[in-house]
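Structural features, examined
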Amino acid sequence: MSAVGYTSYQGDLMLLTLSAQMLNAAKHADWDQLSLLEKQFAQAVKAHFEQPGLVDDQKQGLATQLLAQQDQVQALVKKAQRDVQALMNVEERTNKAMHSYLNVENARTR
């Protein structure tokens with residue numbers, strides 16, 4: 001294996017590892033870890049795909065794998081966002097109900 005091929009293989013492995021770690025963090029709702037990994041991943045993707053000597057087939061195959069994992073990460077993030085929004089909606093309705101109750105009670109005591 002040439003030096004370029006070995007470096008490319010190492011880069012592929014690093015990107016796949018980071019992407020898998022991101023997916024694992026999202027599955028476990030570890031959003032702080034996911035955020036850190038996303039920054040590392042973005043830098044690694046940029047550096048890797050700007051390498052001279054990468055064959056288009058190599059880039060295509062790796063990009064396909066990475067995109068599939070990133071789609072899974074995004075689906076988990078969106079689900080978590082919907083869950084948080086639902087909790088916020090419940091909290092908002094609860095707060096409105098408490099305010100209404102307090103307004104009625106205040107009106108009675110006057």
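About the thresholds
- Residues numbered from 1 in each chain as written.
- Predicted model: local features only at pLDDT ≥ 70, side-chain atom pairs only at ≥ 80, totals over all residues.
- Heavy atoms only, no water.
- Core = buried A, V, L, I, M, F, W, Y, C linked by side-chain atoms within 4.5 Å.
- Buried < 20%, exposed > 50% of the residue type's maximum accessible area, 1.4 Å probe, protein only.
- Helix = DSSP H or I, 4+ residues; strand = E, 2+ residues; numbered from the N terminus.
- Contact = heavy atoms within 4.5 Å.
- Salt bridge = Lys/Arg side-chain N within 4 Å of Asp/Glu carboxyl O.

1. A short note on the nonpolar core
Counting residues in hydrophobic clusters, the biggest one holds 14 residues, and the most contacted among them are L15, M22, L34, F41 and V73. If one sorts the elements of this core by residue count, helix α1 (residues 3-27) sits on top with six residues. Those residues in contact with L34 that sit more than four places away from it in its chain are M22, A25, A26, V73 and V77.

2. Points about unusual backbone geometry
In this structure, A29 is a non-glycine residue whose phi angle is positive, near 55°. Secondary-structure assignment places A29 in the loop between α1 and α2 (31-49). On the basis of relative accessible area, A29 is assigned to the partly exposed category, the value being 43%.

3. Quick notes on the pattern of salt bridges
Counted by the stated rule, this structure contains two salt bridges. The partner of D83 in a salt bridge is K79, with the nearest N and O atoms 2.9 Å apart. In this pair, D83 and K79 are both assigned in helix α3 (residues 56-109), four residues apart and thus about one turn of the helix distant. Of the residues examined, D83 reaches a relative accessible area of 37% and is grouped as partly exposed. Residue classification places K79 among the partly exposed residues on the basis of a relative accessible area of 43%. The salt bridge involving K96 is made with E92; its shortest N-O contact spans 3.4 Å. Of the two residues, K96 and E92 both sit in helix α3, four residues apart, roughly one turn of that helix. Note on E92: relative accessible area 42%, which makes it partly exposed.

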